[in-house]
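# Notes for the structure review
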Amino acid sequence: MMPNEKHIDLITGYLQGTLSDAQRQKFDRLVRSGEIDSTEVRAMEMQFKQLGDLPSPEPDPAMHERFQSMLQREKEALPGRIAKQQQEKDAQPVQPAGHKRDKNMSQPAPPGLQQEGEKQGLKQQQREKKGHTTRIRHLQTAAAIAAVFLAGLLLGSLYPGRGTHEQQIQQIASEVHDLREMMMISLLDETSAAERLRAVNISMDIPSPQDRVIQALIETLHFDPSVNVRVAAVDALVHHGSHPTVRKELVRAISRQPSPIVQVALADAMITLQEPRAAREFQKLLEQEEMEEPVRDKIEHTLLALL
Amino acid sequence: MSEPTSDKALMMQVKNGELDALGVLFDRYNQRLFGFFYRLTSRRDISADLVQDVFERILRYRTSYTGNGDFATWLFQIARNRHADHYRQIEKEKVDAHTAVPKPVLADQLLPDSDDRMLLEQALDRLDPDKKQALVLSRIEGFLYREIAEIMSCTESAVKVRVFRGLQELRQIMSGLERQQGRKHIHPYNNTKK
């Protein structure tokens, strides 16, 4: 008779010698009552012991020499690399105002990723465009807020008996907030990817979005046909990372996103959010055979940063 | 005598560009890693390559090290990933060649001074990778189940199930091998040879 799997916790704990006193008493009781087959457990224990008795193989001295050569090469290359990094840092232009994600990245992308020239170029263009549209958007939003605010003041002066000045301002602010959310959600239904991108960018200016906004962003992340829009949705969701469902959905997206660009964006997002639950999903991703080497490097890099 | 520098402190030195500290970590862990890979691959040459590969990765991604968690767990997580890549490559070659890659187990085996030990090694070699890793990490490398869960990116319960079922399957495989080799099955509990 095989031992009952119901008692796996107790049996494996017994094998490793990690049972607490109470667990040990329970284990002994179950063995005495026959609910755990003592003969089988002792057979497993013997097997477990034999595994530990297998001799440890000694590596060849050549392995040590090989490691030392590698270390020496790296040490020789290190000063030049530091100088190059410093040069690149000095030559780096000032980031545009709308560029939000990269400032949070804990690590640079692996060198292989830089070879994804065209894809990365597109992403860069999208970011630059985002910086430009962000400035325009701020102006539009400010104008809309000012207009609604003035209209509110005018109405308030015409009807002074209907509540305090502060209440009116709060009401107007709440209406502006609602308007902005509705505009963002309706823009997400547009057929133009540029409009949907704009909608996603608007969501970043909503300080405490309602669930409907978060839900719309999540659907965009999972189902929008444009890679650029999905990447922007990742950025926007990171921006709202304190919302309870956001992290869960970002983690869920890791194994669902077919695009390597979105996978890389998700990797950056997980580093920013320091989300340990992502590690398992990235692990699963790494187990897939079909993956470009630069993306594999990036995912491994992320995985190590999350451990 | 001064206290030995902790693994984490050494790795932080490596992260900060003091690469000699990696030599100390190599001295501390190369044998364990070699043993781990050897138990999974049964090949000394591949095991040595994988150990080298692990330390190359550490150098390459040293800036990713956060110092959170146990260093050995982190190291074996990298080791497991490298082995997974190797395993994937082997499987691909098998498919490409439409044939199984012959494994020179006997040529590369440790001294066969015990039939039982050989049988156990052969059985371990036939166990599915997840169960084999759980058993090797638990019994041979001495990690706790919760540490193995971190290394294998799964739950502690999943590790226990793998250990439990792994031991059961190991016995079944050994019985099968004994029958093939015409040996009388000896129940491990009644085996007085050991």
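Residues numbered from 1 in each chain as written. Chains lettered and ligands numbered in written order. Predicted model: local features only at pLDDT ≥ 70, side-chain atom pairs only at ≥ 80, totals over all residues.

It is worth spelling out the overall build of chain B at this point. Within chain B one finds 9 helices and 0 strands. Shown N-terminal to C-terminal, the secondary structure of chain B runs as helices and strands in the order α-α-α-α-α-α-α-α-α. Counting only residues that meet the buried cut, chain B has 35% of its 194 residues in that class. Excluding contacts between residues fewer than 6 apart, the proportion of contacts in chain B whose partners are at least 24 apart in sequence is 63%. (Helix = DSSP H or I, 4+ residues; strand = E, 2+ residues; numbered from the N terminus. Buried ≥ 20, exposed ≤ 12 C-beta atoms within 10 Å, placed from the backbone. Contact = placed C-beta atoms within 7 Å.)

For chain A, mean pLDDT is 76; residues scoring 70 or higher make up 71% of the total. Low pLDDT, under 50, characterises residues 93-131 of chain A; the predicted model gives this stretch 44 contacts beyond four residues in sequence or across chains. (pLDDT = per-residue confidence, 0-100.)

Let us now look at the interface of chain A and chain B. Listed as interface residues are 43 residues of chain A and, on the opposing side, 51 residues of chain B. Listed by contribution, the elements that provide at least two residues to the side of chain A that touches chain B are helix 1 (8-16), helix 3 (38-53), helix 4 (61-91), helix 13 (278-286) and helix 14 (293-306) of chain A. Ranked by residue count, the leading element in the side of chain A that touches chain B is helix 3 of chain A, at 10 residues. Residue classes in the side of chain A that touches chain B are distributed as 22 nonpolar, 11 polar and 10 charged. (Nonpolar A, V, L, I, M, F, W, Y, C, P; charged D, E, K, R; others polar.)

Looking now at the packing of helix 3 of chain A against helix 7 (residues 129-140) of chain B. Across the interface, helix 3 of chain A lies against helix 7 of chain B with an axial gap of 9 Å and an inter-helix angle of 75 degrees. When the axes of helix 3 of chain A and helix 7 of chain B are compared, the pair comes out roughly perpendicular. Side by side, helix 3 of chain A and helix 7 of chain B meet where Phe48, Leu51 and Gly52 of chain A of the first sit next to Leu135, Arg139 and Ile140 of chain B of the second. A class-by-class count of the residues in the contact of helix 3 of chain A with helix 7 of chain B yields 4 nonpolar, 1 polar and 1 charged. (Axes fitted to C-alpha atoms, helices over the stretch in contact; angles between N-to-C directions. Parallel < 35°, antiparallel > 145°, perpendicular 65-115°, else oblique.)

Another aspect to go through is the nonpolar core. Across soluble globular proteins, nonpolar side chains show a tendency to be buried alongside one another. Core analysis: the largest hydrophobic core is formed by 101 residues, its most contacted members being Leu217, Ala233, Val234, Leu237 and Leu266 of chain A together with Val51 of chain B. Leave out the neighbours within four places in its chain, and Val234 of chain A touches Leu221, Val262, Ala265, Leu266 and Ala269 of chain A. (Core = buried A, V, L, I, M, F, W, Y, C linked by C-beta atoms within 7 Å.)

What follows covers the packing of helix 9 (residues 211-223) of chain A against helix 11 (residues 244-254) of chain A. Residue and element names in this part refer to chain A. It is at 10 Å that the axes of helix 9 and helix 11 come closest, and there the two elements cross at 5 degrees. By the angle class used here, helix 9 and helix 11 are roughly parallel. Contacts between helix 9 and helix 11 involve Ile214, Ile218, Leu221 and His222 from the former and Thr245, Val246, Glu249 and Ala253 from the latter. Considering only residue class, the contact of helix 9 with helix 11 consists of 5 nonpolar, 2 polar and 1 charged.

Most peptide bonds are trans, and most residues other than glycine sit at a negative phi. Here Gln274 of chain A, not a glycine, exhibits a phi torsion of approximately 50 degrees, which is positive. Secondary-structure assignment places Gln274 of chain A in the loop between helix 12 (260-273) and helix 13. The backbone phi angle of Ser153 of chain B is positive, close to 50 degrees, even though this residue is not glycine. Its location among the elements puts Ser153 of chain B in the loop between helix 8 (145-151) and helix 9 (156-180).

A few words on helix 13 of chain A. All buried positions along helix 13 of chain A are accounted for by Ala278, Ala279, Glu281, Phe282, Gln283 and Leu285 of chain A. Residues of helix 13 of chain A that are buried make contact with helix 11, helix 12 and helix 14 of chain A.

A few words now on helix 9 of chain A. Residue and element names in this part refer to chain A. The end-to-end C-alpha distance of helix 9 is 18 Å, a good match for the 18 Å that 13 residues give at a rise of 1.5 Å each. Taken residue by residue, helix 9 has Val213, Ile214, Ala216, Leu217, Ile218, Thr220 and Leu221 as its buried positions. On its buried face, helix 9 sits against helix 7 (165-187), helix 8 (193-203), helix 10 (227-239) and helix 11. (Expected span 1.5 Å × (residues − 1).)

What follows covers the confidence of the model for chain B. All names here are of chain B. Summing up the model confidence of chain B, the mean pLDDT is 82 and the portion of residues at 70 or higher is 81%. Taken element by element, the predicted model of chain B shows its lowest mean pLDDT in helix 5 (residues 105-108) (39) and its highest in helix 2 (residues 20-41) (94). For the stretch residues 98-112, pLDDT sits under 50, and the model shows 14 contacts to residues farther than four places along the chain or on other chains. Across the predicted assembly, pTM comes out at 0.57 and ipTM at 0.79.

The subject of this paragraph is the environment of Phe76 of chain B. Mapped onto the elements, Phe76 of chain B comes out in helix 4 (residues 71-97). On the basis of neighbour count, Phe76 of chain B is assigned to the buried category, with 26 C-beta atoms found within 10 Å.

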